[in-house]
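Fold and contact review
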Amino acid sequence: MMLSRTLTSLALLVDVTTASYAFYVGKALTEDGSVMVGGTGEEVSSHWLEIFSAKDHPPNATVEVGVTEDASMPGRRLNISQAAHTFRYLSMEYSDYEGFPAPLTNGGVNEKGVAVRDVWAQNKDELIAITPNPQTGLQYSDLARIVMERASTAREGVEIIGQLIAEYGYADYGGNSHLIADADEGWVVWEMSGGQKLWAAERLGEDVVRVLYPGYIEDFPVDFANSTDYMGSPNIVSFAIEQGWWNPNDTEPFNIWKAYGTATGNYTARDGGYKYMSQAALENATLAMAPVSEKDLIERVRDYRIADDEAGYGQVVSLHADMDPDLIQIWVAPTGSVTAPFNPWWLGVKSVPPEYGQHRYLTADAASTFLDPDYQFQEATQFAGRIFKQALYYTCSDPERFLPVVQDMLHGFENASFGDLAWVEASAKLLVDNDRRDEALDLLTFYAHARAEKALSLGKTVVDALDAYIKLTGRFRKPSGSNINDPGLGAETVNCLVGWDPDQPAESQRPLRRRWGA
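Read on for a plain summary of the structure. (Residues numbered from 1 in each chain as written. Predicted model: local features only at pLDDT ≥ 70, side-chain atom pairs only at ≥ 80, totals over all residues. Heavy atoms only, no water.)

Focus: the overall build of the protein chain
Along its length, the protein chain carries 11 helices and 20 strands. The C-alpha atoms of the protein chain give a radius of gyration of 22 Å, which matches the 24 Å a tight globule of 518 residues would have. Considering only C-alpha atoms, the protein chain reaches an extent of 70 × 60 × 50 Å along its principal axes. Looking at the protein chain as a whole, 56% of its 518 residues are labelled buried. For the protein chain, the accessible surface area stands at approximately 21400 Å², while carbon and sulfur atoms represent 50% of it. (Helix = DSSP H or I, 4+ residues; strand = E, 2+ residues; numbered from the N terminus. Rg over C-alpha atoms; globule rule 2.2 N^0.38 Å. Buried < 20%, exposed > 50% of the residue type's maximum accessible area, 1.4 Å probe, protein only. Areas by Shrake-Rupley, 256 points an atom, 1.4 Å probe, with all protein chains shown as cover.)

Here it is, written out as structure tokens:
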């Protein structure tokens, strides 16, 4: 989702450093006829898995939303009305981004089969410059969480975002988008900076592949209110005309990207200088796999041209019609999936192992505070995110040698999980159909925990083996500098790219040296 920003008195310069991905594959293009959603979260913070229970809330209950004065674009928090009932959902939470208050989420999936992904979608400098200081309104994580809590369909999720922005406003860090999907369709929602309550949404049909990096919407009908495929704020067209960003007398159609997006450098809506593969290249690579399976989308999400140290986790979910809420299944990698396995989870799982819960590694303020005793047992456990980060660092020290072996092990582990799914889910469904739902949930919990434990064992084995090999063969090297942190603003991150030529199309290259210029 993510980007960093340097503010000056004359201009706003936006540099991409981390930016989450979202994949949408329509049901006509998938192997099993489901809508498929995948993605990563790219934030420099701790990431942990959490399952939130459905809840009933008392009358007049409120929830606090928005940003604080510590955010990169300062704001004020506010309380908004809470729904009488909120749905159960699964999310990868994280602890920090641009000074926004934790816990944060990019999204996940809820008990109604509505999946949400959050992705940055940079706005033009003129919009960022007119953003009120302090700003007020819901921010990107608030919107993703509330959609998971309240939406029964993807379309309803879009409508909820629109209603919330209209009533309370929107607070952000320079432009953002959400991908919302259910078993029938997907929607891209682009929320704009500027304090004008601007937003636009486009429906994604059954024969569409869309990759957001950043989120984008192009041609947009001026009479969108009469369309079932588009939604937006009442001023989304008129404000662009007022600012001179689109002339209705021109023959060129109204284009959201051109009116509200960045036009710097060689960036366009689908092509440009974003990381190692453009949206167009990723969309084409996904289309080439049609009919797309879950294994295929896992491979796209972990493609090492996009999955590196910046990828905090990976997710893939298939959305089917009439899913039992407890049997909704999602694949989650605990950190960058280029060297971490995807584990199966279900919404009916009763708990998450402590090794996959919140730990202090990369958690905001961990370096300046001691541990709260409430977390001492959890913190005493091993942390999946840290273990697979170690695997990433060793693997990417010599990717031509190590990456094929490590990924072969990941594939073998995941194939074993895929091989078990039929009997696990059939058994759980049989128990549910015979009014033994609690036993079904015990089964799903037992299996999910067992695979999570075996994934940890795999991770430790990989780290120990690479550690021994690298040290025994004299390949280990100590740091040559004294600064353990990168300098930020687009600096090099650990990744498994070798032999990269920035002058050649991304999709034509064998993605095996580091970022261009390295």
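And the narrative resumes.
Here we look at the environment of Asp438
Here Asp438 is to be found in helix 11 (residues 437–472). Separated by 25 residues in the primary sequence, Asp438 and Phe413 have C-alpha atoms spaced 28 Å apart. Looking at Asp438, its side chain comes within polar contact range of the side chain of Lys350, at 2.9 Å. (Polar contact = N/O pair within 3.5 Å; in protein donor to acceptor, adjacent residues only side chain to side chain.)

A short note on unusual backbone geometry
Trans peptide bonds make up the majority, and among non-glycine residues the majority have a negative phi. The amide bond that connects Ala102 to the next residue, Pro103, takes the cis arrangement and shows omega of -5 degrees. For Pro103, the location among the structural elements is in the loop between strand 10 (89–94) and strand 11 (104–110). That bond from Asn133 to Pro134 is cis: its omega, 5 degrees, falls within 30 degrees of zero. Along the polypeptide, Pro134 turns up in the loop between helix 1 (125–129) and helix 2 (140–150).

Regarding the state of the cysteines
A full pass over the atoms with the stated rule returns one disulfide. Cys396 shares a disulfide with Cys496; S-S distance 2.2 Å. In this structure the cystine formed by Cys396 and Cys496 twists about its S-S bond by roughly -95 degrees; its chirality is therefore left-handed. A residue pair is termed long-range when its members are at least 10 positions apart, and Cys396 in the loop between helix 9 (384–395) and helix 10 (399–433) and Cys496 in the segment after helix 11 qualify at 100 residues. As far as the burial class goes, Cys396 and Cys496 line up, both buried. (Disulfide = S-S within 2.5 Å.)

A word on helix 3 (residues 154–168)
With 15 residues, helix 3 should cover 21 Å at 1.5 Å per step; its first-to-last C-alpha distance of 21 Å lies within 8% of that length. Those residues of helix 3 lying buried are Ala154, Gly157, Val158, Ile160, Ile161, Gly162, Leu164, Ile165 and Tyr168. Of the surrounding secondary structure, the elements contacted by the buried residues of helix 3 are strand 8 (78–81), helix 2, strand 13 (176–181), strand 14 (186–191), strand 15 (199–204) and strand 17 (230–232). Just downstream of helix 3, Gly169 is the residue with a positive phi angle, here 95 degrees. (Expected span 1.5 Å × (residues − 1). Contact = heavy atoms within 4.5 Å.)

Overview of the packing of aromatic side chains
Inspection of every chain in the model, using the stated rule, returns 22 aromatic pairs. Where Tyr21 meets Tyr213, the ring centres are 3.9 Å apart and the plane angle is 5 degrees; that geometry is what we call stacked. Separated by 192 residues along the polypeptide, Tyr21 in the loop between strand 2 (12–15) and strand 3 (22–25) and Tyr213 in the loop between strand 16 (209–212) and strand 17 bring together distant segments of the chain. Overall, Tyr21 belongs to the buried group, its relative accessible area being 0%. The class of Tyr213 is buried, set by a relative accessible area of 2%. (Phe/Tyr/Trp six-rings, centres within 6.5 Å; stacked < 30°, edge-to-face > 60°.)

Structural notes on the sheet that holds strand 18 (residues 314–319)
The strand order across the open sheet built from six strands is 16-3-4-18-19-20, with neighbouring strands paired in antiparallel fashion. Both edges of this open sheet fall to strand 16 and strand 20 (343–346), since each of them pairs with a single strand only. Shown here is a sheet whose adjacent strand axes are inclined to one another by a mean of 15 degrees, direction ignored. (Pairing = 2+ DSSP bridges. Axes fitted to C-alpha atoms, helices over the stretch in contact; angles between N-to-C directions.)

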